[in-house]
Amino acid sequence: MADDTPVSEIMSSPVKTVERETTIDDIARVFAEEGVGSLVIGENPIEGIITEHDVVKSIGNGQDPQSTTVEELMSDPVVTIRPSDTVENAGDRMGNNGVKKLPVTEGGEPVGIVTTTDLAHFLPHHRLEMASQPETDVPDGEFE
């Protein structure tokens, strides 16, 4: 495994940003049209991040998507990482902070984003190794 691979090699770029006044209705439209699951709020500095989960939760809580703004739902402060930091460091940072998406910043500006999905695609051989080594004391098909 190439733990020293820089985040810049697996990040999605460019990262889509929106203003904090953007409504949830507009955010949902951007998610659908752009095929993304999160948006960064602000550009320099990054002010927050909003995810599909945040949008679904707000609607489930009865908030009006036409009047609720990103500012009301965004997570802040945002955990970020630099493009030169390692993929291993990105995984550690996600795990230690309980986040699934890390904006990648350079000089305070978003230049990309790395997600747990990006890490999973980067490290597929680890998933296969884990899946192909059943516990020796567990008979085939029998799990407690």
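Parameters and conventions
- Residues numbered from 1 in each chain as written.
- Predicted model: local features only at pLDDT ≥ 70, side-chain atom pairs only at ≥ 80, totals over all residues.
- Heavy atoms only, no water.
- Helix = DSSP H or I, 4+ residues; strand = E, 2+ residues; numbered from the N terminus.
- Buried < 20%, exposed > 50% of the residue type's maximum accessible area, 1.4 Å probe, protein only.
- Contact = heavy atoms within 4.5 Å.
- Areas by Shrake-Rupley, 256 points an atom, 1.4 Å probe, with all protein chains shown as cover.
- Salt bridge = Lys/Arg side-chain N within 4 Å of Asp/Glu carboxyl O.
- Arc of directions from axis to C-beta.
- pLDDT = per-residue confidence, 0-100.
- Core = buried A, V, L, I, M, F, W, Y, C linked by side-chain atoms within 4.5 Å.

Some words on the overall build of the chain
Looking only at helices and strands, the chain has 6 helices and 5 strands in total. The N-to-C order of helical and strand elements in the chain reads β-α-β-β-α-α-α-β-β-α-α. The burial tally for the chain puts 34% of its 144 residues in the buried class. In the chain, of all internal contacts separated by at least 6 residues, the share reaching a separation of at least 24 is 60%. Total accessible area on the chain stands at roughly 8,900 Å², and carbon and sulfur atoms take up 47% of it.

Here we look at the side chain of serine 38
Position of serine 38 relative to the elements: it lies in strand β2 (residues 38-41). The exposure class assigned to serine 38 is buried, which follows from its relative accessible area of 11%. Beyond its immediate chain neighbours, meaning those up to four positions away, serine 38 contacts Phe31, Ile49, Ile50, Thr51, Lys101 and Ile113.

Some words on unusual backbone geometry
With omega at 0°, the peptide bond leading from serine 13 into proline 14 counts as cis. Examined against the element boundaries, proline 14 turns out to sit in the segment before β1 (17-18).

Focus on the pattern of salt bridges
Two side chains of opposite charge can pair, provided their charged atoms sit close to one another. Tallied over the entire structure, the rule returns 5 salt bridges. The shortest N-O distance in the salt bridge between glutamate 71 and arginine 20 comes to 3.0 Å. In this pair, glutamate 71 sits in helix α3 (residues 70-73) while arginine 20 sits in the loop between β1 and α1 (24-34), placing the two residues 51 residues apart along the sequence. On the basis of relative accessibility, which here comes to 41%, the residue glutamate 71 falls in the partly exposed class. Residue classification places arginine 20 among the partly exposed residues on the basis of a relative accessible area of 22%. When the shortest N-O distance is used, the salt bridge between arginine 82 and aspartate 85 registers 3.4 Å. Bridged by salt links that share partners, the residues Arg20, Glu47 and Glu71 form one connected network.

Overview of α1
Here α1 has its buried residues at Ile24, Ile27, Val30 and Phe31. With its buried residues spanning 110° around the axis, α1 presents them on a single face. Among the exposed residues of α1, those pointing more than 90 degrees away from its buried face are Ala32 and Glu33. Contacts from the buried residues of α1 go to β1, β2, β3 (48-51), α2 (52-60) and α3. Backbone geometry just downstream of α1 places glycine 35 in the positive-phi region, at approximately 70°.

Looking at the confidence of the model for the chain
Confidence in the prediction of the chain, expressed as mean pLDDT, is 85, and 83% of residues score 70 or more. Ignoring residues within four places in sequence, the model shows residues 126-133, a span with pLDDT below 50, making 2 contacts including any to other chains.

A few points about the nonpolar core
Counting 12 residues, the largest nonpolar core consists of Val18, Ile24, Ile27, Val30, Phe31, Leu39, Ile41, Ile50, Val55, Val70, Leu73 and Met74. Of all the secondary structure elements, the ones that give two or more residues to this core are α1, β2 and α3. Broken down by element, the residue count for this core peaks at 4 residues, all from α1. Discounting residues that sit within four places of it in the chain, valine 70 has contacts with Val18, Glu19, Arg20, Thr22, Ile24, Ile27, Ile41 and Ile50. By size, the runner-up hydrophobic cluster in this structure holds 11 residues, among which are Met11, Ile81, Leu102 and Val114.

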